[in-house]
Amino acid sequence: VVRLACSGSHGDLTYTVSNWLSRRLLPQMTKSVSQVIALDDLTRQEALTHGIPSDRVSIIQNGLVFDHPPSGDGKPFTGQSLPILYLGRLAKQKCVDTLLTAFAGICERYPEIPALKVVGDGDQKGMLEDYAGQIGIAGRCDFIGWVASPEDVLEQAGCFVNPSEGEGLPNTVLEAAAYGL
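Each value, and the rule that gives it
- Residues numbered from 1 in each chain as written.
- Predicted model: local features only at pLDDT ≥ 70, side-chain atom pairs only at ≥ 80, totals over all residues.
- Heavy atoms only, no water.
- Helix = DSSP H or I, 4+ residues; strand = E, 2+ residues; numbered from the N terminus.
- Contact = heavy atoms within 4.5 Å.
- Areas by Shrake-Rupley, 256 points an atom, 1.4 Å probe, with all protein chains shown as cover.
- Pairing = 2+ DSSP bridges.
- Core = buried A, V, L, I, M, F, W, Y, C linked by side-chain atoms within 4.5 Å.
- Buried < 20%, exposed > 50% of the residue type's maximum accessible area, 1.4 Å probe, protein only.
- Axes fitted to C-alpha atoms, helices over the stretch in contact; angles between N-to-C directions.
- Parallel < 35°, antiparallel > 145°, perpendicular 65-115°, else oblique.
- Left-handed = near helix turned anticlockwise from the far one by under 90°.
- Nonpolar A, V, L, I, M, F, W, Y, C, P; charged D, E, K, R; others polar.
- Arc of directions from axis to C-beta.
- Salt bridge = Lys/Arg side-chain N within 4 Å of Asp/Glu carboxyl O.

## Focus: the overall build of the chain
The secondary structure content of the chain amounts to seven helices and seven strands. N-terminal to C-terminal, the α/β element order of the chain is β-α-α-β-α-β-β-α-β-α-β-α-β-α. Sequence-distant contacts, at least 24 apart, represent 71% of the contacts inside the chain between residues at least 6 apart. Accessible surface for the chain amounts to roughly 10,200 Å². Of this, 53% is attributable to carbon and sulfur atoms.

As C-alpha cells, this is what we get:
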C-alpha cells in the first residue's frame with residue numbers, strides 16, 4: 001500500500017520522477033503496488049497518469065497509514081527533555097535551513113534545549129548538514145535520513161516543527177498531531 005500525499009510540482013510522483021533512477025523504476029513500482037491511497041482527486045489523477053490502474057487508487061481525504069497507530073492517550077509530561085522533530089522531505093521549499101538558523105539562535109539563548117532530529121531525505125540534505133556545521137549546531141542536530149515508518153520518531157519527540165513556505169494540509173502535521181505533538 002502506498003499513500004500519495006500531494007500532487008503538482010512538489011508532489012510525490014513528480015518528485016520521484018525527477019530522479020533518473022526512480023523514473024526508470026517507476027513502471028515496475030506502479031505495477032507492484034496493490035493499493036494507492038490518494039488524498040484528493042488531483043493526486044488520484046496524477047497516479048492514473050503515471051500508470052497506476054484506477055481500480056487500485058482510492059481517495060481517503062487526510063488518510064494516515066501507521067504500522068502501529070498512536071495510543072490516543074496523548075503525551076504525558078515526564079519532565080524529560082525530548083527532542084524537537086522535523087519530519088519531511090529535505091527540499092528547498094521546506095525551508096529546513098530557516099529551521100536550522102532558528103534552532104541555532106535558540107541554542108545560544110537556551111543551552112539546555114533538547115536536540116533537533118531531522119528525519120527525511122532529499123536534494124538539500126548535504127547542504128543542510130554542512131550548514132548545521134557552519135552555524136555551530138552539528139553536534140545538536142541529528143540528520144537521521146529517510147525512515148519507512150515514522151512512528152518511532154514521532155513517539156520519541158517532544159515537539160514537532162514544520163517550517164515549510166507553503167503546504168496544503170501536510171501529512172506530517174497530521175501524523176504529529178495524532179501522536180500528541
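## Details of the sheet that holds strand S6 (residues 141-145)
Judged by pairing direction, the sheet is parallel, and its four strands sit side by side in the order S6-S5-S4-S7 without closing on themselves. The sheet terminates laterally at S6 and strand S7 (159-160), the two strands that pair on one side only.

## What to know about the nonpolar core
The biggest cluster of nonpolar side chains holds 16 residues, and the ones touching the most others in it are Leu 100, Leu 116 and Cys 141. When contributions to this core are tallied by element, the ones reaching two or more residues are strand S4 (84-87), helix H4 (96-109), strand S5 (116-119), helix H5 (125-134) and S6. Residues Leu 87, Val 153, Ala 157 and Tyr 179 belong to the second largest nonpolar core, which totals nine residues.

## Quick look at the packing of H4 against H5
Between H4 and H5, the least distance of the axes is 10 Å, while the angle of their chain directions is 15°. Classified by the interaxial angle, the pair formed by H4 and H5 is roughly parallel. The hand of the H4/H5 crossing is right-handed. Between H4 and H5, the contacting residues are Val 96, Asp 97, Leu 100 and Thr 101 on the first element and Leu 128, Tyr 131 and Ala 132 on the second. Looking at the contact of H4 with H5 residue by residue, the classes come out as five nonpolar, one polar and one charged.

## Some details on helix H7 (residues 171-178)
If you check which residues of H7 are buried, you get Asn 171, Thr 172, Glu 175 and Ala 176. For H7, the arc enclosing every buried residue in end-on projection is 135°, short of the 170-degree limit, so these residues lie on one face. Backbone geometry just downstream of H7 places Gly 180 in the positive-phi region, at approximately 75°.

## Concerning the side chain of Thr 172
Among the secondary structure elements, Thr 172 is positioned in helix H7. Here Thr 172 is in contact with Leu 87, Gly 88 and Phe 160, once residues within four sequence places are set aside.

## Quick notes on the pattern of salt bridges
Where charged atoms from two side chains of opposite charge approach closely, those side chains can pair. If you walk through the whole model with that rule in mind, you get one salt bridge. A salt bridge links Lys 117 to Asp 142; the shortest N-O distance between them is 3.5 Å. Note that Lys 117 is positioned in strand S5 and Asp 142 in strand S6, a separation of 25 residues in sequence.

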